[in-house]
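Summary of the model geometry
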Amino acid sequence: MARRRLLLLLKPFDVFQFGQSGGASPITVPQAFRYLDNRRKVHKDAINFCQDILRKKSNIDWEPILRTNLSQPIRNFDLVVTVGGDGTLLQASHFLDDSIPVLGVNSDPTQVKEVEKFSNEFDATRSTGYLCAATVQSFEQVLDDILAGQKLPSNLSRISLSVNSQPLSSYALNDVLIAHPCPATVSRFSFRIQRDGESCGPLVNCRSSGLRVSTAAGSTAAMLSAGGFAMPVLSEDLQYMVREPISPGAAIRLMHGIIKSDQSMKASWFSKKGVIYIDGSHVFHSIQHGDSIELSSKAPSLKVFLP
């Protein structure tokens, strides 16, 4: 069997620190201190466990890297394994094209009994791991199945964006939010759905708190929380929603809808400032009055091993 090259992408295990020297912690509940410390320990143990598994595999050459140290496109690997949660896999996706598959390991899954136990004191939710096909307990078996060709990746759609006809380098695996940088400021924009450059829907003028567009994979995240619906994960369509529209009148029916795989959305921005947030707040692109933004699902897909 040919040797495989594997990149192990790690969520830092110090992200759960709650006490900083010289400063008071905002958390005063003793159970919360123990909970956060346990999360850090569970994640650190998961990293060590996965590394121990990889050391036993004679047919794998692997190297670890913290996700905070990623700065260049990932190349020359046969597989990327992320250890963390969906956020770590999302970060990896920004450095991957459609040639290298990714396996997510949920290092710290939510424990239902724990959430119920502390529900009156704090939120004890850990990691959902919607896109993670493995946990620490199943990692070795899932990895062996992948190496043996018994488990194949799925192709997940991503959102491609261009501003003033210039493509942005990052694709969104989850969703895109276009909004004023100040959440209390009204966002003014218009959009229409088009196919092959020709309009196939009315122009929609909006005053609101922004515009969100999600992929099928991202439709169970913020989109669902805002009142959208979950889409089949392998769908190539996109879902959009105008956030908190102001007096939409008869256009209310146009505030939420679908962008088909053969369509795109073209939006014009009419506020002085604006920001395109890609999969959260860490990747963003500033826009200004008069800019034109185009979104579609024509980005290269991402190969992901799904649960």
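Every chain's residues receive numbers from 1 upward, in the order its sequence appears when written. Reporting in this predicted model follows two pLDDT cut-offs: at least 70 for local features of residues, and 80 or more for side-chain atom pairs to be given and counted; totals over whole chains, interfaces and linings ignore these cut-offs and use all residues. With hydrogens and water stripped out, all remaining heavy atoms of the structure feed into the side-chain values.

Rule in force here: UniProt positions are given in the numbering used here, feature names are shortened, and annotations may be inferred rather than shown by experiment.
Per an unreviewed UniProt entry, the chain goes by NADH kinase and derives from Salix brachista. What the UniProt record of the chain gives under Sequence similarities (unreviewed entry) is the line "Belongs to the NAD kinase family."

1. A word on the packing of aromatic side chains
Under the convention used in this document: When two rings of Phe, Tyr or Trp (its six-membered ring) have centres within 6.5 Å they constitute a pair, described as stacked for plane angles under 30 degrees, edge-to-face for angles over 60, and tilted for the intermediate range. A run of H or I in DSSP becomes a helix once it reaches four residues, and a run of E becomes a strand once it reaches two; helices and strands are each numbered from the N terminus. Buried residues are those whose accessible area, probed at 1.4 Å on protein chains only, stays under 20% of the maximum for their type, while exposed residues exceed 50% and partly exposed ones sit between those limits.
Applying the stated criterion across every chain, the model contains three aromatic pairs. Measuring from centroid to centroid gives 5.9 Å for F189 and W269, while their planes differ by 5 degrees, and the two rings are stacked. Of the two residues, F189 is situated in strand β10 (residues 187-195) and W269 in strand β16 (residues 264-269); the sequence distance between them amounts to 80 residues. With relative accessibility at 3%, the residue F189 sits in the buried group. For the ring pair F191 and Y240, a centre distance of 5.3 Å and an interplane angle of 65 degrees mean the geometry is edge-to-face. In this pair, F191 is assigned in strand β10 and Y240 in strand β14 (residues 238-243), connecting sequence segments 49 residues apart.

2. As for the side chain of S214
How we decide: It only takes one pair of heavy atoms within 4.5 Å for two residues to be counted as in contact.
Following the sequence through the fold, S214 ends up in strand β13 (residues 210-214). For S214, a relative accessible area of 0% puts it in the buried group. When neighbours within four sequence positions are excluded, S214 is seen to be in contact with I159, N174, D175, S219, M223, L238 and Q239.

3. Quick notes on the environment of K298
Tracing the backbone shows K298 in the loop between β19 (292-296) and β20 (302-305). You can call K298 exposed: its relative accessible area is 53%. Each C-alpha atom of the pair K298 and F13 lies 35 Å from the other, and the pair is 285 residues apart in sequence. Once residues within four sequence positions are removed from consideration, K298 is found in contact with R158, S160, S261, D262 and Q263.

4. Concerning helix α4 (residues 139-147)
Inclusion rule: The arc under discussion is defined with respect to the helix axis, by the directions toward the C-beta atoms.
What α4 keeps buried is the set F139, V142, L143, I146 and L147. The arc that holds the buried residues of α4, viewed along the axis, is 135 degrees, so those residues lie on one side.

5. Looking at the layout of surface pockets
To keep things clear, this is the line we draw: A 1.4 Å probe that fits but cannot get out identifies a cavity on a 1 Å grid over protein atoms alone, an open set with protein on both sides within 12 Å along at least five of seven lines counts as a pocket, and a residue lines either if it has an atom within 4 Å of a point. Grid points are joined across faces, edges and corners, and a volume is the space filled by probe spheres set on the points. All residues other than Ala, Val, Leu, Ile, Met, Phe, Trp, Tyr, Cys, Pro, Asp, Glu, Lys and Arg, Gly among them, are scored as polar; the first ten of these are nonpolar and the last four charged.
Approximately 630 Å³ is the volume found for the largest pocket. Lining the largest pocket we find 30 residues, and of these D86, G87, T88, L90 and D279 sit closest to its centre. The element that contributes the greatest number of residues to the lining of the largest pocket is helix α2 (residues 86-93), accounting for five residues. Split into classes, the residues belonging to the lining of the largest pocket amount to eight nonpolar, 16 polar and six charged.

6. A closer look at the environment of D61
Basically, it comes down to this: Distance and chemistry together define a polar contact, namely a pair of N or O atoms within 3.5 Å, with one atom able to donate a hydrogen and the other to accept it when in protein, and with adjacent residues in sequence counting only for side-chain atoms on both sides.
Topologically, D61 is positioned in strand β2 (residues 60-66). C-alpha of D61 to C-alpha of R4: the two residues are 57 residues apart in sequence and 6.1 Å apart in space. Residues contacting D61, with those up to four places away along its chain left out, are R3, R4, R5 and L6. A polar contact of 2.6 Å, which involves the side chain of D61, links it to the side chain of R3.

7. Regarding the domain arrangement of the chain
To keep it simple, the criterion reads: These domain limits were set by an automatic method or by a database of domain assignments. Buried area adds together the accessible area that both of two parts lose upon being put together, with accessible area traced by a 1.4 Å probe. Each salt bridge in this description consists of a side-chain nitrogen of Lys or Arg and a carboxyl oxygen of Asp or Glu lying within 4 Å of one another.
Its domain assignment divides the chain into domain 1 (4-13 + 30-152) and domain 2 (158-299). Using only C-alpha atoms to locate each centre, domain 1 and domain 2 end up separated by 30 Å. Contacts between the two partners involve nine residues from domain 1, matched on the other side by 10 residues from domain 2. Contact between domain 1 and domain 2 buries roughly 760 Å² in total, counting both sides, with carbon and sulfur atoms accounting for 59%. Among the residues domain 1 hides against domain 2, the three largest losses belong to L90, H94 and Y130. Together they make up 68% of the total. Put simply, domain 1 and domain 2 have zero salt bridges between them. Between domain 1 and domain 2 we count three residue pairs in polar contact (both at pLDDT 80 or more) in total. Split by residue class, the side of domain 1 that touches domain 2 holds five nonpolar, two polar and two charged.

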